[in-house]
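Reading the structure
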Amino acid sequence: MTDRPTLDRAARDILKANDRGGYTVPNGHVYPFQWNWDSAFVALGFATYNRSRAWEEIETLFSAQWDDGFMAHIVFWQDDEGYFPGPKVWGTNKKIATSGITQPPVAASVVRWLYDSATCDSEKERAAALYPKLAAWHDWFEKYRDPDGKGLVVSVHPWESGRDNSAEWDEPAAAVDISNVDPYVRRDTSHLDASMRPTKLDYDRYLAMVQYGRDCGWDHKKIATEGPFRVVDVSMTMILLRANRDLLALAEALGHSEDAEKLKARIANAEKGVSWLWNEDAGAFCSRDMITGKSSGMVTSASFLAFYAGVANDVQRQALASHLERIGNKLTYMVPSLDPDHEEFDTIRYWRGPVWAVVNFLVSTGLADAGLADWAERVRKDTGALIEKTGFYEAFCPTTGRGTGGDDFSWTAAMWLHWAGKSKAGNVT
Ligand code: GLC
């Protein structure tokens, strides 16, 4: 157990050590480039002591935006042999090397928070300059990732969801042909314990999906309508819905009235569309395979993002609250990435049990908005307790609090500074 001021300093030191000048790497060894949603969370950490640097993190990320509005999940600002798959494998052929898939769009929500807490006009100008880029990315989702026009988000690779190795992807990924995967050498297992990482079979499938995208020249329309993996991801869908609400607030504040009308319609459409993800038997929102129509039926930490998106009706709210009750009674630390009663639950393997500080932040924000203050606070306190006990790990075992994945992780440090390390919950988003 370490005291708060010491942890505050340690968190700032991590952000400093992982700062590569204008952008921050998630972790210097395992993830040596700029990751999309990591940078959005990291900006919230910087904002606690250097607001300009917070803006810069997002500006750098958006400087790698493609002309069609697409935002990649990784920007390869420099070479690093320690990571696989690198820019050559992705083969996106852009001036700034990036991957070819995206990640959960939390950036608009962070920019809205920065805007609302701005301390001077120049910050508002920075928000105004970012606004069209955020809007273009959200338009991209509508154009390329919502083939049925229901306000949902189709994920074309498990890595897009940010919940890379979730058991929700097992069945859809099993249908992916891996017979033509080029030979490769993994790097993640040379930095981290293999028992915490995805298996070789999972990795072959990941690579087959990357090769499919590269072979069709990253034609996103084709990938989302004909590709081998197309799953409506509950986390991306909920996060985009919330981000559209935050973009709407920005549009109104910045005088983009036409956009505001368009966003209102988009939000109303998504509020209806998400019902496709509700699984009556599971009593939860679950990801659903677009190819087979099958729901995963799994309660994951992403199921609770329904509160963050503001979509749970009374019956759904009751059902989700009883899952919280059941899981919260069973585990020391909330919120596990998979239901502990599921057979695939594993306390240390990637996204199959461990707790992530960033997901907890989103879940807790939603719970607070929905008036479930006690649960919001439990999630926040558990996150703080994990960091106090173990340090700034990538993720944590929900029973013992042991750190899993990489240490000195930027987004965990940022979440401590912005939220989990505060003495009481503030106005977090
Ligand atoms: C892993 C996580 C993903 C994150 C990345 C960098 O791939 O699953 O969510 O963005 O690491 O931290």
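Here is what the cut-offs are and how they apply
- Residues numbered from 1 in each chain as written.
- Predicted model: local features only at pLDDT ≥ 70, side-chain atom pairs only at ≥ 80, totals over all residues.
- Heavy atoms only, no water.
- Phe/Tyr/Trp six-rings, centres within 6.5 Å; stacked < 30°, edge-to-face > 60°.
- Helix = DSSP H or I, 4+ residues; strand = E, 2+ residues; numbered from the N terminus.
- Lys NZ or Arg CZ within 6 Å of the ring centre and 35° of its normal.
- Core = buried A, V, L, I, M, F, W, Y, C linked by side-chain atoms within 4.5 Å.
- Buried < 20%, exposed > 50% of the residue type's maximum accessible area, 1.4 Å probe, protein only.
- Contact = heavy atoms within 4.5 Å.
- Axes fitted to C-alpha atoms, helices over the stretch in contact; angles between N-to-C directions.
- Parallel < 35°, antiparallel > 145°, perpendicular 65-115°, else oblique.
- Left-handed = near helix turned anticlockwise from the far one by under 90°.
- Nonpolar A, V, L, I, M, F, W, Y, C, P; charged D, E, K, R; others polar.
- Salt bridge = Lys/Arg side-chain N within 4 Å of Asp/Glu carboxyl O.

Turning our eyes to something else, we now look at the packing of aromatic side chains. All chains considered together, the criterion is met by 31 aromatic pairs. Centroid distance Tyr23 to Trp77: 6.2 Å. Interplanar angle 40°. Geometry classified as tilted. With Tyr23 in the loop between α1 (4-17) and β1 (34-35) and Trp77 in the loop between β2 (74-75) and α4 (87-90), the pair connects residues that are 54 residues apart, well separated along the chain. Taken together, the ring pairs connect Tyr31, Phe33, Trp35, Trp37, Phe41, Phe76, Tyr83, Phe361, Phe409, Trp411 and Trp419 into an aromatic cluster. One Lys or Arg, Lys124, reaches over the ring of Tyr115 and ends 4.8 Å from the middle of that ring. Across from the ring centre of Tyr308, 4.6 Å away, lies the NZ or CZ of Arg242, which sits over that ring.

A few words now on the nonpolar core. Phe41, Phe62, Leu134, Met238, Phe285 and Leu367 are the most contacted members of the largest nonpolar core, which has 145 residues in total. Broken down by element, this core gets its largest block of residues, 11 residues, from helix α11 (residues 234-253). Setting aside residues up to four positions removed in sequence, Phe41 forms contacts with Val106, Val358, Phe361, Leu362, Trp411, Ala414 and Met415.

Contact pair helix α5 (residues 107-116) / α11: the axes reach a minimum separation of 8 Å and the direction vectors enclose 40°. Our classification of the angle between α5 and α11 gives oblique. Crossing hand, α5 versus α11: left-handed. Between α5 and α11, the contacting residues are Ala108, Ser109, Val111, Arg112 and Tyr115 on the first element and Arg242, Ala243, Asp246, Leu247, Ala249, Leu250 and Ala253 on the second. Of the residues assigned to the contact of α5 with α11, the class counts are 8 nonpolar, 1 polar and 3 charged.

Side-chain pairs of opposite charge can arise whenever the charged atoms involved come near each other. Across all of its chains, the model carries 33 salt bridges by this definition. We note a salt bridge from Arg163 to Glu168, for which the minimum N-O separation is 2.9 Å. Pair check on accessibility: Arg163 and Glu168 agree, each one buried. Between Arg163 and Asp233 there is a salt bridge, and its shortest N-O distance comes to 3.0 Å. Of this pair, Arg163 sits in the loop between β3 (154-155) and α7 (170-174) while Asp233 sits in the loop between β4 (231-232) and α11, placing them 70 residues apart in sequence. Comparing Arg163 with Asp233 shows no difference in burial state: the two are buried. Shared partners join several salt bridges into a network, and the residues in it are Arg112, Asp116, Arg242, Asp246 and Asp369.

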